[in-house]
Amino acid sequence: MTTPGAPLIEVENLEKDYPTGAGVFQALRGVSLRIAEGEFVAIMGASGSGKSTFMNLLGCLDRPTRGSYHLDGQDVGRLSSDQLAALRNREIGFVFQGFNLLPKLTALDNVALPLMYAGIGREARRRQAQAMLERVGLGERSHHTPLQLSGGQQQRVAIARALATRPRIIFADEPTGNLDSETSRQVMDLFSQLNREEGITLVLVTHEADIAAYARRCIRFQDGRVIEDVAQAEVAA
Amino acid sequence: MIFTSLFETAWHALTTHRMRSFLTMLGMVIGVAAVILMLAIGQGAQAMVRSSIESMGSNLFIIMSGAVSSGGARVATGDAPSLTFDDADAIRDLPDIMASAPVSPGGAQLIYGGVNWNTSVYGTTPDYAVVRNWSMASGSFFSDADVRRGARVAVIGGVVARELFGDEDPVGKIIRIKQAPFEVIGVLASKGQSLDGRDQDDTVLVPISSAQQKIFSNTLRNRARFIMVQAVSEKRMDAAEASINDLLRSRHRIGLGQDDDFTVRNLTALAETAASTTRIMSLLLGAIAAISLVVGGIGIMNIMLVSVTERTREIGIRMAIGARRRDVLWQFLIEALTLSLIGCGIGLLFGIGGAWLVERLAGLPVAVTPASVLMAVGVSFLIGVFFGFYPARRAAGLDPIDALRSQ
Ligand SMILES: Nc1ncnc2c1ncn2[C@@H]1O[C@H](COP(=O)(O)OP(=O)(O)O)[C@@H](O)[C@H]1O
Ligand SMILES: [Mg+2]
């Protein structure tokens, strides 16, 4: 557990350069911020402002060019690729805009996949995956493949997958970007419930104000920098 | 990660691309089937040669009348063979010699009742049975006394017995060989094919004296086309050959610098040459088949590379949810191994079935040995690992974010 008051996430002068045909492009130009355990943070900003780049760094999918990232007190930059994989497996759940489910697997097998990499036996992981699908309201659909599910259902399967190993943090990059407003609302209700009832730390990218309104803190990006970081009142779900 | 999960994952991936998996395996199937079939044919040939050599008798020389020119062709030395019965007896008295039998070969028609049969007839002495290590199925071989008095007795091979007598017992019956009546006194035990492919059971042995008087022309009297000689042991073969040469040169009064009028051949050495030729042939067959196995392995690598490229995004997703590099490596390696081993299994069935068909339809002797099956499985495993490793390592080396961004 984190020592009281110490941030779960702490980034310092984080920079990310992308090599392009015309030299390097600086997608992040020095981002410093802290997120405590249990927070619900929305990240907003125009397209191309570096939100996804930032999320990929937080989610340990990518490494920063410069700057440091401490997750739960650990310097992520010093971890081996196996240790990063273990972090992604157990500490972090990632939810993508495009769901990123494996199309040939059933919902149940998709949700069970992180448990497989956690070394959990077949029966146990199927049981836990089924429970997680029920948790997101898709207990009846566990044997459907992603193509047999609606967008909102697919995203809820993806959330169940992110939750499967019971991580402390969920990063979601525009999770409602491909959903209509009604299903968006269902997904957001699920997120805020997870945050409120289970204390899961949530960092969520969106460019829709009504989605950001679910969060209690809003960070605004522009040209690879944080230009605004404000607390906001929680909307009643 | 749990090992059975790896197999589940591999199995799932292979069954969702059935056609592709099947085509990839086909290379292995053909390769393994070819290896099994070729080895079966090669080893069958080897086994046949081995049993022919065993049936020939051991530590054998054949001494032929007439010289052999450097080119290998026999030089005619007049009509009459140069070797005599006395030569054969003198050779038997040499220290390194066990037995020595003069032989007068020819063909003749046999008649029994209404049946006739053409076969090869050998006039020889009882030593022939010793030299050829030939035992009796029934009755007995003729004796030296039979040879001395030119008795009209015959010992017949199994094929002759079957053709002339069917189920009847031949011993004691009279057959006609070129019209002359001979009493059958024994039936030879079966030997099967000789090295040159002749059926050794399709033969009649008679005393050499009777053969020359009653079957072949009289001009051959007391002379033999060839003498079959058995040395006392393999170690004494060289010494025996030298003493035979010395003996015959002095008996035939061949002076220094004059050509021999006989030729000594070490049959056991010739047989070993035949055996090693067969061995090389079967190795070559196996090697050619092994090439097709390697081609099958390259097919696996090819498809695995395509598969890794196609599934880059899947790899990214797996890494994003916690797959380590080695999990991805194992996933693809086990897919390759599963392909190669299932291909191997099917190939084994086809190879063994093919060998059976070859034996049935072409009449070739085949031998599918446990060693060749084990080898095929082992090689397929190695091929799976070898050709699966590169694509698997490529998959495992992907960066999670790059893999996720693909497509
Ligand atoms: N792999 C990449 N290579 C080069 N440029 C990139 C790459 N990924 C993102 N970028 C650039 O970096 C900037 C930030 O991208 P991104 O983080 O995806 O923005 P956002 O998610 O806020 O829309 C954009 O201008 C984008 O074109
Ligand atoms: Mg983005």
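Please read these numbers as outputs of a predicted model, since none were measured by experiment.

Moving on, we get to the domain arrangement of chain B. For interface size, the figure often reported is the accessible area lost on association. The domain boundaries assigned to chain B delineate domain 1 (3-52 + 273-405) and domain 2 (102-224). One C-alpha centre belongs to domain 1 of chain B, the other to domain 2 of chain B, and the line joining them spans 55 Å.

Moving on, we come to the sheet that holds strand β5 (residues 74-75) of chain A. Residue and element names in this part refer to chain A. What the four strands build is an open sheet, ordered β2-β1-β4-β5; its pairing is antiparallel. Each having just a single partner strand, β2 (23-35) and β5 make up the two edges of the open sheet. In the packing of helix α1 (residues 51-58) onto the sheet, the strands contacted are β1 (9-20), β2 and β4 (66-71), and the crossing angle to β1 comes to about 120°.

A separate point is the environment of Lys 235 of chain B. Residues and elements named next belong to chain B. The topology assignment puts Lys 235 in the loop between β13 (226-231) and α8 (237-251). By relative accessible area, Lys 235 is classed as exposed at 78%. Separated by 139 residues in sequence, Lys 235 and Asp 96 have C-alpha atoms that sit 9.8 Å apart.

Before going further, it helps to examine the nonpolar core. With 70 residues, the main nonpolar core has Ile 9, Val 11, Ile 43, Phe 54, Tyr 69 and Phe 171 of chain A as its most contacted residues. Looking at this core, the element that brings in the most residues is helix α11 (residues 325-362) of chain B, giving eight residues. In this structure Phe 54 of chain A touches Val 11, Leu 14, Leu 28, Val 31, Leu 33, Ile 43 and Phe 221 of chain A, once residues within four positions along its chain are discounted.

Looking along a regular strand, one sees side chains alternate from face to face of the sheet. Residues and elements named next belong to chain A. Counting buried residues along strand β3 (residues 40-45), six of its six residues qualify, which places the element largely inside the surrounding structure. Alternating positions in β3 separate into two faces, Phe 40, Ala 42 and Met 44 on one and Val 41, Ile 43 and Gly 45 on the other, with burial throughout. Pairing between β3 and strand β9 (residues 217-222): five bridges, direction parallel. From the neighbouring strand, Ile 43 faces β9, where its bridge partner is Ile 219.

With 25 residues of chain B at the contact, the number on the chain A side is 25 residues. Across the interface of chain B and chain A, roughly 2,300 Å² is buried in total on both sides, 58% from carbon and sulfur atoms. Per-residue buried area on chain B facing chain A is highest for Ile 317, Ile 321 and Ile 401 of chain B; these three make up 24% of the total on that side. Counting the contacts that link chain B with chain A gives three salt bridges.

Evaluated as defined, the whole model comprises nine aromatic pairs over all chains. Taken together, the aromatic side chains of Phe 94, Phe 96 and Phe 171 of chain A make up a single cluster linked through ring pairs.

Let us look at unusual backbone geometry. All names here are of chain A. Unlike most non-glycine residues, Asn 13 shows phi in positive territory, near 50°. Along the polypeptide, Asn 13 turns up in strand β1. Despite not being glycine, Cys 60 has its phi angle at roughly 60°, a positive value. Tracing the backbone shows Cys 60 in the loop between α1 and β4. Exposure remark for Cys 60: the relative accessible area of 3% places this residue in the buried category.

Definitions and cut-offs
- Residues numbered from 1 in each chain as written.
- Chains lettered and ligands numbered in written order.
- Predicted model: local features only at pLDDT ≥ 70, side-chain atom pairs only at ≥ 80, totals over all residues.
- Heavy atoms only, no water.
- Domains from an automatic or database assignment.
- Pairing = 2+ DSSP bridges.
- Helix = DSSP H or I, 4+ residues; strand = E, 2+ residues; numbered from the N terminus.
- Contact = heavy atoms within 4.5 Å.
- Axes fitted to C-alpha atoms, helices over the stretch in contact; angles between N-to-C directions.
- Buried < 20%, exposed > 50% of the residue type's maximum accessible area, 1.4 Å probe, protein only.
- Core = buried A, V, L, I, M, F, W, Y, C linked by side-chain atoms within 4.5 Å.
- Buried area = accessible area lost by both parts, 1.4 Å probe.
- Salt bridge = Lys/Arg side-chain N within 4 Å of Asp/Glu carboxyl O.
- Phe/Tyr/Trp six-rings, centres within 6.5 Å; stacked < 30°, edge-to-face > 60°.

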